[in-house]
Amino acid sequence: MSVRYLSCGDTAFSVEFGNEISPEINGRVMALHAAIGQAKIAGVVETVPSMRSLMVCYDAMATSRAELEPAIEGLIARGLPTDMKARQVTIPCCYDDAEFAPDLAEVAERTKKKNKEEVIALHLASRFKVYVLGFMPGLAYIAGLEKSLYLPRRSQPRVRVPRSTVAIAMDMTTVYPFESPGGWHLIGRTPLWMFDQRREQPVFLAPGDSLSFQRIDRKSFDRIAREVEAGTFDWAKLVRSA
Amino acid sequence: MTAHLKVVRAGLFDTLQDLGRIGFMALGMPTAGAMDRIALRLANALCGNPAGAAALEIGVMGPDLLVEAESVRVALVGPLSPMLIETPDASPKPLESDRTHLLKRGQVLRVGMVEGSSTAYLTVAGGFALPPFMGSLSTYARAGVGGFEGRKLAAGNVLPLSREQAPPGDERKLTQPFDYGSGPVRVVWGPQDDHFSDKGRRTFIESDYRVSKEADRMGIRFEGPTIEHSKGADIISDGIGPGAIQVPGAGLPIVLLADRQTVGGYSKIATVASVDLPRLGRLLPGQVVRFSPVTVEAAEKLRRDQEARIQRAIADFKAARPLGGIDLARLYEENLIDGVVY
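Every chain is numbered on its own, with residues counted from 1 as its sequence reads. Working convention: letters from A go to chains and numbers from 1 go to ligands, in the order in which they are written. For a predicted model such as this one, the threshold for reporting local features is a pLDDT of at least 70, and the threshold for listing and counting side-chain atom pairs is 80 or more; totals across whole chains, interfaces and linings nevertheless cover every residue. With hydrogens and water set aside, each side-chain value is computed from the structure's full complement of heavy atoms.

Engineer: Quick question: what am I supposed to make of the pattern of salt bridges here?
Structural biologist: Any two side chains of opposite charge can pair, given that their charged atoms come close. Basic side-chain nitrogens of Lys or Arg form a salt bridge, by our definition, when they fall within 4 Å of a carboxyl oxygen of Asp or Glu. Per the stated rule, a full pass over the model turns up 38 salt bridges over all chains. A:R218 serves as the salt-bridge partner of A:E99, at 3.7 Å between the closest nitrogen and oxygen. One end of the pair, A:E99, is in the loop between β5 (87-93) and α3 (104-110); the other, A:R218, is in helix α5 (residues 218-230), with 119 residues separating them in the sequence. Taking relative accessible area as the criterion, A:R218 reaches 31% and is therefore assigned partly exposed. With a shortest N-O distance of 3.7 Å, A:E118 and A:K114 are connected by a salt bridge. What you see here is one network of salt bridges that share partners, running through A:R4, A:E16, A:R52, B:D194 and B:K231. Here a strand is any run of E in DSSP of at least two residues, a helix any run of H or I of at least four, and the numbering for each starts at the N terminus. Three labels apply to residues, based on accessible area from a 1.4 Å probe with only protein chains included: buried if under 20% of the type maximum, exposed if over 50%, partly exposed otherwise in between.

Laid out in structure tokens, this is it:
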């Protein structure tokens with residue numbers, strides 16, 4: 001599919017690579033996001049990746065659409081990198097407690113699994129990728145959920161989902177960065193905070209991250225939660241560069 | 001910290017804002033920032049601050065601020081009728097807006113109501129001594145970050161100042177209020193104008209739209225004729241630029257402003273040209289606008305022309321009369337200098 005340039009006013013435009021959600025299309029989005037970052041094109045303020053397009057924000061005083069579009073066409077024509085280095089991130093998750101995973105039993109029933117353990121095993125076996133962050137700071141849309149766990153969003157969203165709840169819907173999983181309303185199925189909780197303004201990098205996940213969950217028991221959950229709260233938790237050990 | 005402004009009475013929606021938290025949209029962080037960047041810049045220029053210094057954005061009604069510093073120079077920009085209370089039992093004296101004032105310890109600045117706009121700005125020479133969050137002092141209240149404790153000001157709050165006393169210098173004022181224009185709001189079609197029927201696009205540019213009560217820093221929901229989709233209201237979520245006009249299934253346009261989310265899944269028929277974004281940031285519920293399409297190139301040119309007008313307004317600042325002092329400039333201008341003692 002050809003690339004489309006869509007106007008977002010006179011300070012941004014979107015480079016759209018297709019009209020579907022696929023790892024190939026998102027890979028091109030992320031590759032252009034990285035390529036523009038490296039090229040340091042004058043006047044480009046920031047780029048915003050989403051599932052199938054990249055929004056390029058520019059300073060209308062320093063450049064123009066007429067200058068930028070050919071520059072970006074040139075980057076694409078030269079060939080976008082295909083071997084993007086992704087961070088490998090592990091997120092500890094406690095699935096045990098009824099308080100953390102109120103929808104586990106319903107998910108097992110509606111996806112015709114033997115029991116809750118089978119749902120947990122499939123969530124742990126899923127190879128996830130962070131496609132896009134948005135809606136609220138640090139909220140990641142993480143695709144790659146095992147296909148047999150596919151469920152639409154809940155017909156009645158919850159008014160209050162606790163911070164750090166791990167949830168699934170469609171082919172995605174997510175972790176709520178704040179207490180907020182939410183329509184996804186709640187299957188666990190991580191002791192990590194996806195958004196912590198005390199940290200130098202307040203947002204933990206980034207688009208393009210490869211991600212998997214690691215099961216922890218309630219005791220480990222409480223210990224890590226205390227360290228996160230106190231600001232002493234070693235986040236670096238959760239991240240490997242591929 | 002010995003120099004600060006104390007909020008002795010809170011306004012309605014007073015938050016610190018600068019030109020926005022730029023560079024973190026990819027992490028889902030909204031830019032926030034001033035709803036009216038022109039007034040912010042003029043206020044900063046009056047005070048001799050950098051263009052992007054943080055100011056107090058006054059929403060609807062401003063606070064009463066007690067000066068707890070040797071002195072402080074403030075600039076107020078916007079349709080305000082501020083008052084000065086020199087001592088606790090003195091009656092308030094009216095002050096002009098669109099200029100600087102030198103305030104002394106113990107005086108109270110009553111910012112008062114914003115008339116005919118939703119926002120006005122107050123800057124202090126030298127700026128506020130608060131730590132930036134992700135490179136910016138803009139308050140983003142939904143996540144509780146930036147500005148003063150990530151929220152609007154409340155009575156009793158104390159805003160630390162960078163300077164113990166005002167820098168030496170004269171008071172300055174705008175020659176005239178900045179002209180934001182009054183014609184239709186200029187928009188650029190897209191990014192998803194192809195999700196609408198010809199009829200829907202015509203409705204959008206040929207109808208009056210009224211600002212509803214649902215208008216805040218995140219965006220403005222308009223009331224008016226419904227806009228017909230041809231390919232449905234939902235899209236695969238993509239980036240939301242400043243001034244994006246999304247049209248959900250119900251067919252009424254929502255203009256997304258400073259605190260907008262970074263990505264969204266509704267089709268966006270058009271985007272407000274950056275030249276007119278400050279106007280959107282000033283709209284009040286009940287006000288009516290028309291939208292008029294321009295090309296990207298035309299919008300870029302309009303913005304550059306506006307930038308030149310901002311520069312001119314700054315170059316044209318005039319000396320203003322100090323509190324209780326003599327307005328020499330005015331005396332010369334009005335040619336009253338011979339004979340009349342003012």
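Anyway, onward from the coordinates.
Engineer: Looking at this model, I keep getting lost on the sheet that holds strand β6 (residues 83-85) of chain B. Mind explaining?
Structural biologist: Strand pairs in the sheet, formed through backbone hydrogen bonds, run parallel or antiparallel to each other. What makes two strands pair is DSSP finding at least two bridges between them. Spatially, the 6 strands line up as an open sheet ordered β7-β6-β9-β4-β1-β11 (chain B), and their pairing is antiparallel. Edge positions in the open sheet fall to β7 (93-94) and β11 (158-160) of chain B, since each of these has one partner strand only.

Engineer: Got a minute to help me understand the side chain of B:R303 in this structure?
Structural biologist: As for its position among the elements, B:R303 is in helix α4 (residues 296-315). Neither His nor the chain termini are counted; the positive set is Lys and Arg, and the negative set is Asp and Glu. Put simply, B:R303 is tucked away with no salt bridge, and the nearest opposite charge, on B:E307, sits 4.6 Å away. It only takes one pair of heavy atoms within 4.5 Å for two residues to be counted as in contact. In this view, B:R303 contacts A:D10, A:T11, A:A60, A:M61, B:R37, B:S274 and B:V275; residues no more than four positions away in its chain are not counted.

Engineer: In this structure, what is going on with the domain arrangement of chain A? I would like to understand it.
Structural biologist: How big an interface is tends to be stated in terms of the accessible area lost upon association of its parts. Residue and element names in this part refer to chain A. Boundaries of every domain are those given by an automatic assignment or by a domain database. Looking at the assigned domains, one finds that chain A contains domain 1 (4-77) and domain 2 (87-241). On a C-alpha basis, the centres of domain 1 and domain 2 stand 30 Å from each other. Each side of the interface is counted separately: domain 1 has 8 residues, and domain 2 has 6 residues. The quantity reported as buried area is the accessible area (1.4 Å probe) lost by two parts once they are put together, taken as the sum for both. Each partner contributes to the roughly 620 Å² buried at the junction of domain 1 and domain 2, and carbon and sulfur atoms together form 73% of this total. It is N26, M30 and M51 that lose the most area in domain 1 upon contact with domain 2, and together they represent 60% of the buried surface on that side.

Engineer: Looking at this structure, how should I read helix α1 (residues 23-39) of chain A?
Structural biologist: For an α-helix, the turn length of 3.6 residues means that residues three or four places apart are oriented alike. Residues and elements named next belong to chain A. For α1, with 17 residues, the first-to-last C-alpha span of 24 Å sits near the 24 Å given by 1.5 Å per residue. Those residues of α1 not exposed but buried are I25, N26, V29, M30, A31, L32, A35 and I36. Two residues or fewer after α1 comes K40, characterised by a positive phi angle close to 45°. Given the number of residues in a helix, its expected span is that number minus one, multiplied by 1.5 Å.

Engineer: I would appreciate a short explanation of the interface of chain B and chain A in the present structure.
Structural biologist: Opposite the 43 residues of chain B that make contact, chain A presents 43 residues. Contact between chain B and chain A buries roughly 3100 Å² in total, counting both sides, with carbon and sulfur atoms accounting for 64%. Seen at the junction of chain B and chain A, the total is 1 salt bridge. The salt bridge partner of A:R4 is B:D194, with a shortest N-O separation of 3.3 Å. In the analysis that follows, any N or O atom pair within 3.5 Å is treated as a polar contact, provided that within protein one partner can donate a hydrogen and the other can accept it, and provided that, for residues neighboring in sequence, both atoms belong to side chains. Counting across the interface, chain B meets chain A through 11 residue pairs in polar contact (both at pLDDT 80 or more). For the side of chain B that touches chain A, the secondary-structure elements that each account for two or more residues are β13 (185-189), β16 (234-239), β20 (268-272) and α4 of chain B. The leading source of residues in the side of chain B that touches chain A is α4(B), at 6 residues. In the side of chain B that touches chain A, the residues fall into 24 nonpolar, 13 polar and 6 charged. Residue polarity is assigned by list, with Asp, Glu, Lys and Arg as charged and Ala, Val, Leu, Ile, Met, Phe, Trp, Tyr, Cys and Pro as nonpolar; anything else, Gly included, falls into the polar class.

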